[in-house]
Every structure is written in C-alpha cells, then in structure tokens.
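The residues making up each chain are set out below.
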Amino acid sequence: MPGFEIFGDEERKEVSEVLETGVLFRYGFDQARNNHWKAGTFEKELAEKIGAGYCHLCSSGTAALSIALAACGVGVGDEVIVPPFTFVATIEGVLMAGAVPVFADIDETLCLDPKRLEKVLTPRTKAVLVVHMCGAMAEIDRIRTFCEEKGLILMEDACQAFGGTFHGKSLGTFGKVGCFSFDPVKTVTCGEGGCIVTDDPKIYEIADAYADHGHDHVGSDRGAEGHAIMGANFRISELNAAVGLAQLRKLDRILETQRAHKKELKTALGRITNLEFRKVPDEEGDSATFLSFLLPDATIAPKVSGELAAAGVDGCFYWYHNNWHYMRRWDHIRSLKSAAPLPLTLFETRPDYENLNLVQSDGVMSRTISMLIKLSWNSKEIARRIDRMTAVLQPYL
Ligand SMILES: Cc1ncc(COP(=O)(O)O)c(C=O)c1O
C-alpha cells in the first residue's frame, strides 16, 4: 500500500520540527515543545477527515485492536466472531484480550459473509470484529443490522482500508469502534502506528487511558494524574506521529491516483470474457489498494499466480498459500502455540481450530489473486500490465 512511495519535504518538515524541540513524548513538556503536538494534531485532523467523533493515535494497528477490545469491555471468555482471511494481528488481539476468536465464513467480498454469522452465534458471543480486507469493504450495512438485532458489539478492523467509504460514510465509523494501521506498508504510514476511532465519548476516554497505563490525562503534571483503570503502553512517539501527519494530508491525492490506476486496469481486464472480480459492495468507496480477481477453480489460480510472476507482473498475492493472511496456513494459531498459557485454554467450549470447517472460505480464497496497485505507476507501466495479464489470463477462462 502506497504511503511510503511519496515521502517528501512535508514529512521532513514535520519530523524536523519535532527534533528541533527535542520533545519526542506526545504528552506534557508544554514549554519545550514549542506548540508542536503532532499526535494530538493527527488525531484531530483524522477525526475531522473521516467524520469520526474521536480518534486516539497509538503505536500500531495491533495495539489499536487491543485498545478497542479493552475499551469495548471484551475480555475473558467472551466470544468474538472473526473472519479467517485477515492479518494474524486481528486474531492475536482477540486472544491477548483473553477472549475466544470464533471463525465465520467469508464470501466473494473477501470479508465476513453476513449470512454465515448466525451459524456461529452462541450465548457467549459478545462482538463481531469485521475486517475490511484489501482496501475495500465488507457488507457492513447488513453486518451492522445483524449486530443490532442480536445485541452484539460491532467492531471494525479497517487497518487495510483507510480512506475507504461505504455509500459516503467512512469505513471504521460503522461500529462502536474502528481500527486503522499506519505501519510501513499502509495507505498512510507513520513508520509504525495505528489508531482507534469512535463516536462514543466513554469508549474514547477508556481507550485514551488504557493506551497509556490508565493515565487520565487531566492537567499537565503527569505524576499527579489519576488512574481510573489499569492499562499498558501503546503510545506513539511524536516522530512517528509527525510522519503520519504529513502523510494524512496527502490522503486525497493518494486515493485519487490509486483509484484512477485501478479503474484503468479493471476496465481493460473486464474485457476478458469470464474474468470474475471480487465483489465490492460500493465501488465508489474502494480505497483501491488492490485489484482482486477470482479464477474458475483452485488448480488454475496457483498456476496463474506463478505465470503472472514469470511474466514480470509483480505484486500478485495468492493468499491461499500465504502464511500470514489466511487461516489455512496459521499452524501456530490452529494449534494455539503461545509463549505462555492463554486464558482461552481454560475453556472447554472453545472452537476446534485444528478442524475448522470453512469450506465456503476455502472455495473463495483458493481461487483468488490480489494485485497490489501502486502510486508510482505511469501509463506505460499500466499498459504493460494489461497486456501481460491478458496474455496470461485469457487462455484459462
Ligand atoms: C487487517 C489487519 N489488521 C491488523 C493489522 C496490524 O497492523 P500493524 O502492522 O500496524 O500492527 C494489519 C497489518 O497488516 C492488517 O492488515
């Protein structure tokens, strides 16, 4: 994802301002910091940009997930419905909270299938953690309706979909809390960073405290601050926030370019008879970081993946064989290999992760290839890709 492709004077200026003050901590040092509050400014600008009530910037998307789960009161024994196609961080977050990830199938949106949620619902289900994968959205309206009907907390892992919208409303703002990642390969990057967004002042207050050892951030004497709850250190440094701030201000430009590149490719490849694309519930709102397409069967897809690489079409991911993004290859999670005993091992009711029955997800993922869209492409590069991809794909369809 593209943020790193356009570092420039803007990022250098923001970072220099921090270095000149010598204050790398996001809180306090009011005199020395010369009025530079990079993390605070980022939070304000991001919330305004995506129409969220509150934003709390933290050290990573993984940290954001832990903060979000804690702020929503998800803990020991609670079941959280998750998709099997995501980055392992989503699942780790649930496990570290002491909660129980319960996998439900995805569909051709590459995200949770709203029709498959009921099947995994139990009296212990507390939340649905929907993941907007590869830049575009789940059927978030239908999933939200399901959560409302069943009294479940809706949480969004929008780490891969910053800037995306569904019918004009930003992804990450549909549920109780949304999470974003600003790691080195995201649409906007802080180097490392992440954030939670919410409209609920109580959730924000807990998140803000939990991410900093429970500090209530009242007043400017850190040693005198109160602690309503325990927390951890998920703070971001001002240096990382400074990079992110410059990047955030480039979001519109990033999205515009990515969308134009994707549209050109998709229109051209759409002329290939029978090529099926990922279902995107609202094309207009796609943040356009990937172009995903589905091949007719599970034997053709890996062949095509190899041939695309051999033809010089780089950045094509066949997730079914990927160790980090699809449940099938997460042997460590399937067998619950952890550094120390996990709370969920105390519960007899946990799912049998070794023998999950996710036939529908396998059917989708074994046929799917996602191609990264890059900001730096020019029209010659896009034309080259179209030619080579057409030559590889056409004979199989
Ligand atoms: C869907 C998803 N969730 C969570 C994360 C974790 O974000 P981070 O790398 O900032 O910890 C990622 C990162 O790739 C992700 O793709």
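(A) Layout of the overall build of the chain. Assigned secondary structure in the chain consists of 12 helices and 13 strands. Relative to the compact-globule value of 21 Å for 397 residues, the chain shows a C-alpha radius of gyration of 21 Å, a close match. Taking the principal axes of its C-alpha atoms as reference, the chain extends roughly 70 × 55 × 40 Å. Every one of the 397 residues in the chain was classed for burial, and the buried ones make up 56%.

(B) Up close: the site of the ligand. For the ligand, the set of nearby residues contains 16 residues, the closest of which are Gly61, Thr62, Ser181, Asp183 and Lys186. Aspartate 157 places a side-chain nitrogen or oxygen 2.7 Å from a nitrogen atom of the ligand. One of the side-chain N or O atoms of serine 181 is found 2.7 Å from an oxygen atom in the ligand. Across the complex, the protein chains shield 92% of the 390 Å² of accessible surface that the ligand would expose by itself.

(C) A look at the layout of surface pockets. Considering only enclosed or pocket space, the largest pocket measures out at about 520 Å³ in volume. Lining the largest pocket are 31 residues; nearest its centre among them are Gln160, Asp183, Val185, Lys186 and His325. When residues of the lining of the largest pocket are traced back to their parent elements, those giving at least two are helix H3 (61–71) and helix H4 (88–96). Counting residues per element, the lining of the largest pocket draws most heavily on H3, which supplies 3 residues. Class assignment of the residues belonging to the lining of the largest pocket gives a composition of 15 nonpolar, 10 polar and 6 charged. In this model, the second largest pocket occupies a volume close to 260 Å³. If you go around the second largest pocket, the residues you meet are Arg259, Lys262, Lys263, Lys266, Thr267, Glu283, Glu284, Asp286 and Ala288. In terms of residue class, the lining of the second largest pocket is built from 1 nonpolar, 1 polar and 7 charged.

What counts and how
- Residues numbered from 1 in each chain as written.
- Predicted model: local features only at pLDDT ≥ 70, side-chain atom pairs only at ≥ 80, totals over all residues.
- Heavy atoms only, no water.
- Helix = DSSP H or I, 4+ residues; strand = E, 2+ residues; numbered from the N terminus.
- Rg over C-alpha atoms; globule rule 2.2 N^0.38 Å.
- Buried < 20%, exposed > 50% of the residue type's maximum accessible area, 1.4 Å probe, protein only.
- Near = heavy atom within 4 Å.
- Polar contact = N/O pair within 3.5 Å; in protein donor to acceptor, adjacent residues only side chain to side chain.
- Areas by Shrake-Rupley, 256 points an atom, 1.4 Å probe, with all protein chains shown as cover.
- 1 Å grid on protein atoms, 1.4 Å probe; cavity = no way out; pocket = protein on both sides within 12 Å on 5 of 7 lines; lining within 4 Å.
- Points joined across faces, edges and corners; volume = space filled by probe spheres on them.
- Nonpolar A, V, L, I, M, F, W, Y, C, P; charged D, E, K, R; others polar.

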